[in-house]
Amino acid sequence: MRANPGGEIAPSEVFGRDKLIQRLWRILERQSLVLSAERRMGKTSILKKMRAEAPADKLPVYRDLEKVRSPLEFAQTIFDDVENYLSGSQRTAQKARQWLKNLTGFEIGGLVKFPDNVADQWKALLTKTIEDLVENQQDRKVIFLWDEMPLMLDNIKKKEGENAAMEVLDTLRSLRQTHSELRMVYTGSIGLHNVLTALKRAGYINRPTNDMKTVDVPPLSADDADELARRLLEGEGIQTEEPQLTSQAIANSVDGIPYFIHHIVDHLVAEDLEANPAIVDEIVNSYLIDPQDPWDLRYYRERINNYYTDEEKQLVLTLLDILAVTDQPLPFDELFNRLESQLVNADREKTRDVLTLIQQDHYIYLQPNGYYFRFSVIQRWWKKQRC
């Protein structure tokens, strides 16, 4: 294997995810999915591998929704995908086309672009479009694989308002309830819970994903991360007198996160270095303090400004500052005592609520012995930058 940090990885080279993907297919037999994970875990690569290697009785429809900013654009995007899949059988999205004809009074042929003046009919157009595909695929289960779904919802919320984002979520849930064989997979680089939390603050009371299974995409297992590092070292022809110790050092230094493993090996290639555990540690440390931030680690600090209220921000930062300098997990009472020494008027219940949110954002874990950073590489960066 060759190092490819941040680039498109061929489905055949998505390493260490076969068991997870088998589990996802099993879940999709009965219900839809929310894939939850930190950035760089390879969620997109997993979706594309599923699309490329789907069982014969599944029709996976993949789409990156990052650029969608309105419900009508969403309906148009899904219409384009459905038409593309139906065209192979010389069919079109007849229900959606007929509905558009009724709205506009014009005969609908060839490529279709929804006009802006039907924006208030996006829900009907989306519903008819999905029905067109589901009803034409009786022998296959239709599975929409929607990447950057939370980002699309956030875009819609900012452009069209909270109510529009709420309506999209409710419409999709209604479609899943109406069509028992229809499946959807939501994933993205920001957590869906961030969007839902913002909508709840605006008065949203529905639970639009309570029929979906949430699955966390973890880092690679220790063995798989070690194997990936070893294959990359061999594939790049990197010299090392300690191949086993070096591959383990690479895997352990970045918590088995594939993106960073690729980066370390690519750095060894670029600098023409002989690899050993000490060199690996030097490389990781250099990235943690690099002012150009090639690993985009400042994202972990900057997103706090985007997804937490002004009241929560200082509390989040202080909690993470405390946990960044601890070598052992902290039970809640000890963590709160340290918080009280640094923050005036700290509130126990508010602290519990915020700890739940930053767990959902994958900053920290809660285990029986207390709270701690989930990823040591992020903890090390946080400590170097702030403590």
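Residues numbered from 1 in each chain as written. Predicted model: local features only at pLDDT ≥ 70, side-chain atom pairs only at ≥ 80, totals over all residues. Heavy atoms only, no water.

Draft legend 1. Spotlight on unusual backbone geometry. Even without being a glycine, Glu148 presents a positive backbone phi close to 60°. The residue Glu148 is located in the loop between strand S3 (141–147) and helix H6 (149–160) in this model. Even without a glycine there, the phi angle at His362 is positive, about 65°. One can find His362 in the loop between helix H16 (348–360) and strand S6 (364–367). (Helix = DSSP H or I, 4+ residues; strand = E, 2+ residues; numbered from the N terminus.)

Draft legend 2. Layout of helix H4 (residues 94–104). Within H4, burial applies to Ala96, Arg97 and Leu100. Down the axis, H4 shows its buried residues gathered within 100° of arc, on one side only. Away from its buried face, by an angle of more than 90 degrees, H4 presents the exposed residues Gln94 and Asn102. Those residues of H4 that are buried are in contact with helix H3 (71–87) and helix H5 (122–135). (Buried < 20%, exposed > 50% of the residue type's maximum accessible area, 1.4 Å probe, protein only. Arc of directions from axis to C-beta. Contact = heavy atoms within 4.5 Å.)

Draft legend 3. Representation of the nonpolar core. Counting 129 residues, the largest nonpolar core has Phe74, Phe144, Trp146, Leu172 and Tyr186 as its most contacted members. Counting residues per element, this core draws most heavily on helix H14 (residues 310–324), at 8 residues. In this structure Phe74 touches Leu65, Val68, Leu126, Trp146, Met152, Val168 and Leu172, once residues within four positions along its chain are discounted. (Core = buried A, V, L, I, M, F, W, Y, C linked by side-chain atoms within 4.5 Å.)

Draft legend 4. The arrangement of the packing of aromatic side chains in detail. Taken as a whole, this structure holds 14 aromatic pairs when the rule is applied. Put simply, the rings of Tyr299, Tyr300, Tyr363, Phe373, Trp381 and Trp382 touch in pairs and so form one group of aromatic residues. For the cation-ring pair, Arg348 lies above Phe336, with the distance from its terminal atom to the ring centre recorded as 5.0 Å. (Phe/Tyr/Trp six-rings, centres within 6.5 Å; stacked < 30°, edge-to-face > 60°. Lys NZ or Arg CZ within 6 Å of the ring centre and 35° of its normal.)

Draft legend 5. View of the packing of helix H9 (residues 222–235) against helix H11 (residues 258–271). Their axes nearest at 10 Å, the elements H9 and H11 cross at an angle of 25°. In terms of axis orientation, H9 runs roughly parallel to H11. In the packing of H9 onto H11, the handedness of the crossing is right-handed. Two secondary-structure elements touch here, H9 through Ala225, Leu228, Ala229, Leu232 and Leu233 and H11 through Pro258, Ile261, His262, Val265 and Leu268. Split by residue class, the contact of H9 with H11 holds 9 nonpolar, 1 polar and no charged. (Axes fitted to C-alpha atoms, helices over the stretch in contact; angles between N-to-C directions. Parallel < 35°, antiparallel > 145°, perpendicular 65-115°, else oblique. Left-handed = near helix turned anticlockwise from the far one by under 90°. Nonpolar A, V, L, I, M, F, W, Y, C, P; charged D, E, K, R; others polar.)

Draft legend 6. Examining the sheet that holds strand S4 (residues 183–187) more closely. Within the open sheet, the 5 strands sit side by side as S2-S3-S4-S1-S5. Their pairing is parallel. Two strands lie at the open edges of the sheet, namely strand S2 (58–64) and strand S5 (213–216), each paired on one side alone. Direction aside, neighbouring strands of the sheet carry axes that sit 20° apart on average. In terms of strand pairing, S3 meets S4 through 5 bridges, oriented parallel. Paired with Ile143 across the strands is Arg183, a residue of S4. Of the strands in this sheet, S2 and S3 are in contact with H3, which crosses S2 at around 140°. (Pairing = 2+ DSSP bridges.)

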